[in-house]
Amino acid sequence: FGGLLQERDKRAKWHGIPTLLQRLYESSHPNSDLSHAHSFLKVLSSQLSMEAMSFVTEDRKTAQESTFPNTYTFDLFGGVNLLVELLMRPTLTMQKKKANMNDDLVKDCLSVLYNCCICTEGVTKSLAARDDFVLFLFTLMTNKKTFLQTATLIEDILGVKKEMIQLEGIPNLSGLVQSFDQQQLANFCRILSVTISEPDVGNDDKHTLLAKNAQQKSNASPSRAEVNQVTLLNIPGFIERLCKLATRKVSEATGANFLQELEDWYTWLDNALVLDALMQMATEEAEQSSTESSDESSLATSPLRHRLPQSMKIVHEIMYKVEVLYVLCVLLMGRQRNQVHKMLAEFRLIPGLNNLFDKLIWRKYTASNHVVHGQNENCDCSPEISFKIQFLRLLQSFSDHHENKYLLLNSQELNELSAISMKANIPEVEALVNTDRSLVCDGKKGLLTRLLTVMKREPPDSSFRFWQARAVESFLRGATSYADQMFLLKRGLLEHILFCIIDSGCTSRDVLQSYFDLLGELMKFNIDAFKRFNKYVNTPEKFQTFLTQINSSLVDSNMLVRCIVLSLDRFESQTEDVKVVEVLSECCLLSYMARVENRLAFLFRLINIINVQTLTQENVSCLNTSLVILMLARRKAKLPFYLNALREKEYAEKYPGCLLNNFHNLLRFWQRHYLNKDKDSTCLENSSCIPFSYWKETVSVLLGSDRTSLCAIASYIDEPYMDLDRDLLED
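These figures come from a predicted structure and were not determined experimentally. (Residues numbered from 1 in each chain as written. Predicted model: local features only at pLDDT ≥ 70, side-chain atom pairs only at ≥ 80, totals over all residues. Heavy atoms only, no water.)

## Side note on the overall build of the protein
Let me state the cut-off plainly: In this text, helices come from DSSP runs of H or I with a minimum length of four residues, and strands from runs of E with a minimum of two, each type numbered from the N-terminal end. For every residue, the accessible area obtained with a 1.4 Å probe (protein chains only) is divided by the maximum for its type, and the residue is called buried under 20%, exposed over 50%, and partly exposed between those limits. Note on definitions: a residue-residue contact is assigned when non-hydrogen atoms from the two residues lie within 4.5 Å.
Helix and strand counts for the protein come out as 40 helices and 0 strands. Buried residues in the protein amount to 53% of all 731 residues. Excluding contacts between residues fewer than 6 apart, the proportion of contacts in the protein whose partners are at least 24 apart in sequence is 77%.

Spelled out as structure tokens, the structure:
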């Protein structure tokens, strides 16, 4: 048989793999000492790793097309199954004397399996299908020597696994996590991220609400990801250690294992990006130190080659922090949000990040500042960029509708908020009074103020602007706080936003949308903000540019339109206030919105750009904004006037029934969507200061079936054109 095999081997270019495998098999029977087996495995390993290396360094696409005969042959002749059996053997034998697998042998087995996974996707999938093996791999992580190989393999396998794994199925998970040092814990977070994120929520805004509602009905019980989140939160000390990791300084990271881990690190990272980033940082630091003295002057004087490890350390630390912040961010957005919030406050995550801000998070020399990329967090960019985005996303979810947001300030800044309230004769916000001063930021500036500083320096189309604006906006969201707005207005935020929208030539839709939203939150009900607006937008040309930007995409700017309409309505009722009267008469923006034909023009377009089939989380705000315009009209008994205008518009466009039928369908959808018991209506209330009961009432009045009612849409659609697509909504 041997001779036959060798003969066939030459012709098929099997490179002796089947023969080697046969020897490996013979030398690894349960009672052998495995040292011979190990020597055969080493030979195999070197053949396979050469191939994997070429796969990783070649461009992926061409690599997929080229063939990988060695790993393929290895799998074809049962190599993968043999190694799985070998690794798992100690757990299966009932013998008193456990077969002794030494660490190097385990390492080599894992490394061969990993190389097969890299080159042959089928291998990864077949391993992922074996739950027993996947759970077994976790137990191998207790061994420091094989930790990285195991982690890398698990990460690859979980990436293709169809069913999300249940963390509670891992034997003694608590003990496992507690046995990790900080470095291992950070790497473990990489694996965890797959197990706690809902599959495919990245593109949440784009899914239609019809589809999402249908999906929510079908799965009311907590998802696997949610169950996994709870499992993690129940591990003693887990969150505390993540906070320590997220906030430790680079100098605190242990230097001893550093070089040894760097070697492992190359197997751990599939791309050359990291090395490029390191080299670039090193050269930049060198240039930097020749022109100015760097923060750490000792660093600046040493020649480049001595300094590379410092850069390495920084990037290394940044990569850890990206993983940790990602996990914290997911937990902050999950069902256990309040519990997580309490823990993050208690373990001083925010003050800790504040202390890292200048030295690490937004260091002076980061080349990546000028990279433009979309909102996709999974984009393949340098660790520096991912770190900044992850940091901003964490700030956004931390302060969004939560009273812990005041932890982003320091004591002086909190006092400043109190002083603003006192001066304006407004009671302090309860959340501010309840803020535990021992947990807030320390230092000259709080985290929010530092964020504003770097935001103003960002180049116009930089995608960081999108995330920065989102983070600041979430600080303002919820019930409008005059003091919060004034705090930011005093720091020139309004002028910065207007510069970005009007003068900077910014064209990125993402950035513009986030700046419109932020501007809306900043100006809402705030007469000082409108006064400042008028001071900045001081020529008809500037105002025209501003309007053009707003009109270029109402999906992006409608929250701002809503804010202006709401503010105008409130100011018109405060005519006893001299300042308000003055601004009302002078402000170009308020005068523009006060003209009913302009409000109607917005209303037509808002109703026209959406229909029930195309509603998403992102554009449903257009429907709510059109409702706000009509609710305010209803308060002033002007609803019939607006509905009639919609009807006239249809006839003018020679398309009777089109707008009104569409609006009728949208409102019926609105009822089913927002009157659902799980729906949170407080957001609509908080942002508009209109009680939810008035929203509901207005919608049912508009949907009234009595065709003599002047406030029912039906009265304005002629019989032949009534509700052409009634059946679209029927279940």
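## Here we look at the packing of helix α23 (residues 411-424) against helix α27 (residues 482-489)
Let me state the cut-off plainly: Only the stretch in contact is used when a helix axis is fitted, and all axes are lines through C-alpha atoms; the angle between N-to-C directions ranges over 0 to 180 degrees. Note on convention: near helix rotated counterclockwise from far helix by under a right angle means a left-handed crossing. Clockwise means right-handed. For this classification, Asp, Glu, Lys and Arg are treated as charged, while Ala, Val, Leu, Ile, Met, Phe, Trp, Tyr, Cys and Pro are nonpolar and the rest, including Gly, are polar.
One way to put it is that α23 packs onto α27 with a least axis distance of 9 Å and a crossing angle of 115°. Note on packing geometry: the crossing formed by α23 with α27 is right-handed. The segment α23 lies against α27, with Glu413, Glu416, Leu417, Ile420, Ser421 and Ala424 engaging Tyr482, Ala483, Asp484, Met486 and Phe487. Counted by class, the contact of α23 with α27 contains 7 nonpolar, 1 polar and 3 charged residues.

## Concerning unusual backbone geometry
Note: most peptide bonds trans; most residues except glycine with negative phi. Even without glycine at this site, His401 takes up a positive phi of about 50°. Within the secondary structure, His401 sits in the loop between α22 (383-399) and α23. The residue Cys689 is not glycine, and still its phi comes out positive at about 60°. Within the secondary structure, Cys689 sits in the loop between α39 (682-688) and α40 (692-702).

## Some words on empty space enclosed by the protein
This is how the line gets drawn: Method remark: on a 1 Å grid restricted to protein atoms, a set of points is classed as a cavity if a 1.4 Å probe fits but cannot get out and as a pocket if it is open with protein on both sides within 12 Å along at least five of seven lines; lining residues have an atom within 4 Å of a point. Grid points are joined across faces, edges and corners, and a volume is the space filled by probe spheres set on the points.
Taken as a whole, this structure holds 4 cavities of 30 Å³ or more when the rule is applied. One number sums up the size of the second largest cavity: a volume of about 70 Å³. In this structure, the second largest cavity is lined by Asp517, Gly520, Glu521, Lys524, Met559, Arg562, Cys563 and Ser687. If you list the elements that add at least two residues to the lining of the second largest cavity, you get α29 (509-523) and α32 (554-572). Within the lining of the second largest cavity, the residues separate by chemical class into 2 nonpolar, 2 polar and 4 charged.

## Looking at the packing of aromatic side chains
We count it as follows: Aromatic pairs are defined between Phe, Tyr and Trp rings, using the six-membered ring for Trp, whenever the two ring centres lie within 6.5 Å; interplanar angles under 30 degrees are classed as stacked, those over 60 as edge-to-face, and all others as tilted. Definition used: whenever NZ (Lys) or CZ (Arg) falls within 6 Å of the ring centre and also within 35 degrees of the ring normal, the charge is taken to sit over that ring.
By the definition in use, this model includes 16 aromatic pairs. Ring centres 4.9 Å apart and planes at 85° place the aromatic pair Phe466 and Trp467 in the edge-to-face group. Note on accessibility: Phe466 and Trp467 belong to one class, buried. With a centroid separation of 5.9 Å and an interplanar angle of 35°, the aromatic rings of Trp670 and Phe692 are classed as tilted. In this pair, Trp670 is assigned in helix α38 (residues 658-674) and Phe692 in helix α40, connecting sequence segments 22 residues apart. Assessed through its relative accessible area of 0%, Trp670 is described here as buried. Grouping aromatic residues by their ring pairs yields a cluster made of Phe138, Phe147, Phe180 and Phe188. Residue placement shows Arg491 over the ring face of Phe487; its charged tip is 3.8 Å from the ring centre. Across the ring face of Phe525, the terminal group of Arg570 is positioned such that the distance to the ring centre comes to 3.7 Å.

## Some thoughts on the side chain of Ser688
By secondary structure assignment, the location of Ser688 is in helix α39. Of the residues examined, Ser688 reaches a relative accessible area of 2% and is grouped as buried. If sequence neighbours within four positions are ignored, Ser688 has contacts with Phe525, Leu566 and Trp695.

## Quick word on the packing of α32 against helix α35 (residues 596-608)
At a minimum axis separation of 12 Å, α32 and α35 run at an interaxial angle of 145°. Where α32 crosses over α35, the handedness of that crossing is left-handed. Here Leu554, Asn558, Val561 and Leu568 of α32 come into contact with α35, specifically with Arg599, Phe602, Arg605 and Leu606. Classifying every residue of the contact of α32 with α35 by side-chain character gives 5 nonpolar, 1 polar and 2 charged.

## A few points about the environment of Arg532
Tracing the chain through its elements places Arg532 in helix α30 (residues 527-536). On the accessibility criterion, Arg532 (28% relative accessible area) is partly exposed. Taking the C-alpha atoms as reference points, Arg532 and Gly492, 40 residues apart in sequence, are found 9.8 Å from one another. For Arg532, the residues in contact, after removing those within four places along its chain, are Leu489, Lys490, Leu494 and Glu495.

## Regarding the nonpolar core
Across soluble globular proteins, nonpolar side chains have a tendency to be buried as a group. The test is simple: Take the buried Ala, Val, Leu, Ile, Met, Phe, Trp, Tyr and Cys residues and link them wherever side-chain atoms come within 4.5 Å; each set so joined is a nonpolar core.
In this structure, Leu87, Phe133, Phe138, Met141, Phe391, Leu488 and Phe546 are the most contacted members of the largest nonpolar core, which totals 213 residues. Counting residues per element, this core draws most heavily on helix α19 (residues 304-332), at 12 residues. Not counting residues within four places of it along the chain, the set of residues in contact with Phe546 comprises Leu498, Ile501, Ile502, Leu519, Phe533, Leu560 and Leu589.

## Details of the state of the cysteines
The cut-off we apply is this: Disulfides are defined as cysteine sulfur pairs within 2.5 Å.
Going through the model one piece at a time under the given rule, you end up with 0 disulfides. Not engaged in a disulfide, the cysteine Cys500 finds its nearest cysteine sulfur in Cys506; these two sulfurs lie 4.4 Å apart.

## Some details on α23
What counts is decided by this rule: To estimate how far a helix should reach, multiply one less than its number of residues by 1.5 Å. It is the directions from the helix axis to the C-beta atoms that the arc portrays.
Over its 14 residues, α23 extends 20 Å from the first C-alpha to the last, a length consistent with the 20 Å expected when each residue adds 1.5 Å. By the burial criterion, the buried members of α23 are Glu413, Leu414, Leu417, Ser418, Ile420 and Ser421. In an axial view of α23, the angular spread of the buried residues amounts to 155°, which keeps them on one side of the axis. Among the exposed residues of α23, those pointing more than 90 degrees away from its buried face are Gln412, Met422 and Lys423. Looking at the buried side of α23, the elements it contacts are α24 (430-434), α25 (447-457) and α27. Asn425, located one to two residues past α23, shows a positive phi value of around 65°.

## A look at helix α26 (residues 464-476)
With 13 residues, α26 ought to run about 18 Å at 1.5 Å a step, and its terminal C-alpha atoms sit 19 Å apart, in line with that. Counted residue by residue, α26 has 13 buried out of 13 residues, so it is predominantly covered. The first or second residue beyond α26 is Gly478, which carries a positive phi of 90°.

## A word on the pattern of salt bridges
The condition that has to hold: Any carboxyl oxygen of Asp or Glu within 4 Å of a side-chain nitrogen of Lys or Arg constitutes a salt bridge here.
Overall, the coordinates contain 30 salt bridges when judged by the stated rule. Between Lys145 and Asp103 there is a salt bridge, and its shortest N-O distance comes to 3.7 Å. In this pair, Lys145 sits in the loop between α9 (131-140) and α10 (147-160) while Asp103 sits in helix α7 (residues 103-119), placing the two residues 42 residues apart along the sequence. Residue classification places Lys145 among the exposed positions, given a relative accessible area of 55%. A residue is classified by how much of its surface remains accessible, and Asp103, at 24% relative accessible area, is partly exposed.

## Comments concerning the environment of Phe136
Secondary-structure assignment places Phe136 in helix α9. What makes Phe136 buried here is its relative accessible area of 10%. Each C-alpha atom of the pair Phe136 and Ile170 lies 7.9 Å from the other, and the pair is 34 residues apart in sequence.

## A few points about the environment of Ser681
Within the secondary structure layout, Ser681 lies in the loop between α38 and α39. Separated by 10 residues in sequence, Ser681 and Pro691 place their C-alpha atoms 9.5 Å apart.

## Some remarks on the side chain of His402
Threshold: A 3.5 Å cut-off defines polar contacts: any pair of N or O atoms within that distance qualifies, except that in protein one atom must be a possible hydrogen donor and the other a possible acceptor, and neighbouring residues in sequence count only when both atoms are side-chain atoms.
With respect to the helices, strands and loops of the structure, His402 is situated in the loop between α22 and α23. You can call His402 buried: its relative accessible area is 16%. Within polar-contact distance, the side chain of His402 engages the side chain of Asn338 at 3.4 Å. Among the polar contacts listed, one links the side chain of His402 to the backbone nitrogen of Asn404, at a separation of 3.1 Å. The residues contacting His402, other than those within four sequence positions of it, are Arg337, Asn338 and His341.

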